[in-house]
Amino acid sequence: MIYLKTKEEIELLRENNILVSKTLAEVKKHIKPGITTKELDAVAENFIRANGAVPGFLGYGNPPFPGTLCISVNEQVVHGIPSDYVLKEGDIVSVDCGTVMKGFYGDSAYTFAVGEIAPDVQRLLTVTKESLIKGTEQAKVGNRIGDVSAAVQRHAEAAGFSVVRELTGHGLGRHMHEDPEVPNFGIKGRGPILQEGMVICIEPMINMGTRHVVFERDGWTVRTRDRKPSAHFEFAVAITKDGPDVLTDYDIIENE
Ligand code: MG
Ligand code: MG
C-alpha cells in the first residue's frame, strides 16, 4: 500500500528531514580521531530531543535498536550499533539518522571521512553520493521505481563498484518504512509508477569490493563479506509535479 501525502504532510516530512540534516551537521562537528561512536550517538540524541523531536530508530524493530543513530564504520554497510569503538584517522563513517515529530518521520544518511582518507576510499564516497543524485534525478511523476534503481546502479557499477542487493530504500511517512521498496539495482521502466505525493528514501549502499554482505549476530550490523569499505548516502525525496523535491538538505551538513 503506497500512501500519497498532501502538501501539508510533505511539509511535516520536510521539517523532520531538515532536523535530521541539522543533527548530521551537529554530529559532523564531533567526528574526529579519538571519539567513540557511542559519544556521537549521545550528541545526536540530545540534539534531536532539544529540538522537540524523538529519535526515530531508538527501540525500532526486533531486537529493539539500541541507538539514536546507525553508525557504520568502514566495512560496515548499514545498521551499525553505536559502541565503544574509537574513530581513527582514515576511517569512513556512515551516520544514518531518524526522527519522529508531529506524527511523521525523517530519515537521511551521510558518510563522513575521519581526517585524511585513502584516495580510492574518497572515490567510493564521491561516486556513492553521485549515484544518489543520479537516482534522485529520476524521481519524477510518471517514471517508475526501476528508473531510479537503474540510474543508481549504472553510475556505481560504471565506476567499478558494486551495489548491495539485500537492503533497499523505501517509502517514508507516518511510518519509517512504507511501500514501495526502492532498490539500488534494477531495470528502467519496471516497478511501481511514481505519482505526485509519494515520498521515498533513496539510499545507495555501495561497496568497493564484492556486493555480498554478512548480517552480524548482534541482529543489526550489516558488513561487506570481503571486509572492504562500503559507503551509504540517503535522501528523502517527495515526488511533485515540479520534479523531485529533496527534503534532506546536504548544504546544512556540508557548508556550515
Ligand atoms: Mg536511513
Ligand atoms: Mg532509510
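In case you missed it, the structure is sitting above this.
Conventions used here
- Residues numbered from 1 in each chain as written.
- Chains lettered and ligands numbered in written order.
- Predicted model: local features only at pLDDT ≥ 70, side-chain atom pairs only at ≥ 80, totals over all residues.
- Heavy atoms only, no water.
- Helix = DSSP H or I, 4+ residues; strand = E, 2+ residues; numbered from the N terminus.
- Rg over C-alpha atoms; globule rule 2.2 N^0.38 Å.
- Buried < 20%, exposed > 50% of the residue type's maximum accessible area, 1.4 Å probe, protein only.
- Contact = heavy atoms within 4.5 Å.
- Areas by Shrake-Rupley, 256 points an atom, 1.4 Å probe, with all protein chains shown as cover.
- Lys, Arg positive; Asp, Glu negative; His and termini not counted.
- Charge placed at Lys NZ, Arg CZ, Asp CG, Glu CD.
- Donors = N, O, S within 2.8 Å, 3.2 Å for Na, K, Ca; no water.
- Pairing = 2+ DSSP bridges.
- Salt bridge = Lys/Arg side-chain N within 4 Å of Asp/Glu carboxyl O.
- Phe/Tyr/Trp six-rings, centres within 6.5 Å; stacked < 30°, edge-to-face > 60°.
- Lys NZ or Arg CZ within 6 Å of the ring centre and 35° of its normal.
- Disulfide = S-S within 2.5 Å.
- Polar contact = N/O pair within 3.5 Å; in protein donor to acceptor, adjacent residues only side chain to side chain.

(A) Region of the structure containing the overall build of the protein chain. Per the secondary structure count, the protein chain includes 5 helices and 15 strands. Here the protein chain has a C-alpha radius of gyration of 17 Å; the compact-globule value for 256 residues is 18 Å, and the two agree. The principal-axis extents of the C-alpha atoms in the protein chain amount to approximately 45 × 45 × 35 Å. Counting all 256 residues of the protein chain, 53% fall into the buried class. Sequence separation of 24 or more characterises 70% of the internal contacts of the protein chain that already satisfy a separation of 6 or more. Total accessible area on the protein chain stands at roughly 10800 Å², and carbon and sulfur atoms take up 51% of it. If you average the places of the 28 positive and of the 36 negative side-chain charges in the protein chain, the two averages end up 4 Å apart.

(B) A look at the coordination of the magnesium ion (ligand 2). Coordination of the magnesium ion (ligand 2) by the protein is provided by D107 (OD), H170 (NE2), E203 (OE) and E234 (OE), with metal-donor distances spanning 2.1 to 2.2 Å. Look at where the donors of the magnesium ion (ligand 2) fall in the sequence and you get D-x62-H-x32-E-x30-E. In this model, the magnesium ion (ligand 2) sits 3.1 Å from the magnesium ion (ligand 1), the two metals being bridged by D107. With D107 in strand β5 (residues 104-113) and E234 in the loop between β13 (230-232) and β14 (235-240), this pair connects stretches of sequence that are 127 residues apart. Take D107: its relative accessible area is 2%, and that puts it in the buried class.

(C) Expanded view of the pairing of strand β15 (residues 243-246). Where β14 and β15 come together, 4 bridges link them in antiparallel fashion. Its bridge partner being in β15, V237 is matched across the sheet by V246. Turn length for the β14-β15 hairpin, with the two strands adjacent in sequence and antiparallel, is 2 residues.

(D) View of the pairing of strand β8 (residues 178-182). Direction of pairing for strand β7 (residues 169-171) relative to β8: antiparallel, over a ladder of 2 bridges. By the bridge assignment for β8, G171 is matched with E178. The hairpin turn running from β7 into β8, its antiparallel successor, is 6 residues long.

(E) Broad picture of the coordination of the magnesium ion (ligand 1). Those donors, D96 (OD), D96 (OD), D107 (OD) and E234 (OE), are the protein atoms that reach the magnesium ion (ligand 1), and they lie 2.0 to 2.5 Å from it. In the primary structure, the donors to the magnesium ion (ligand 1) are separated according to the pattern D-x10-D-x126-E.

(F) Up close: the pattern of salt bridges. On inspection of all chains with the given rule, the structure shows 13 salt bridges. One salt bridge in this structure joins K5 and E178, with 2.7 Å as the shortest N-O distance. Taken together, the residues K5 in the segment before α1 (7-30) and E178 in strand β8 connect sequence positions 173 residues apart. The exposure class assigned to K5 is buried, which follows from its relative accessible area of 10%. Assessed through its relative accessible area of 9%, E178 is described here as buried. The structure contains a network of salt bridges with shared partners spanning E11, R14 and D245.

(G) Just the packing of aromatic side chains, in detail. Considering all chains together, one arrives at 6 aromatic pairs under this definition. A centroid spacing of 5.0 Å and a plane angle of 75° characterise the contact between Y110 and F233, whose relative ring orientation is edge-to-face. Of this pair, Y110 sits in strand β5 while F233 sits in the loop between β13 and β14, and the two are 123 residues apart along the sequence. Looking at F233, the relative accessible area reads 2%, which means it is buried. Taken together through their ring pairs, the aromatic side chains of Y110, F112, F233, F235 and Y250 make up a single cluster. If you follow R165 out to its NZ or CZ, it ends over the ring of F185, 4.6 Å from the centre.

(H) Main features of the state of the cysteines. A full pass over the atoms with the stated rule returns 0 disulfides. As a non-bridged cysteine, C201 has C97 as the owner of its nearest cysteine sulfur, 12 Å distant.

(I) Looking closely at the side chain of D41. Mapped onto the fold, D41 is located in helix α2 (residues 37-50). Buried and unpaired, D41 has no salt bridge, with R49 as the nearest side chain of opposite charge at 9.0 Å. At 2.7 Å, the side chain of D41 and the backbone nitrogen of L69 are in polar contact.

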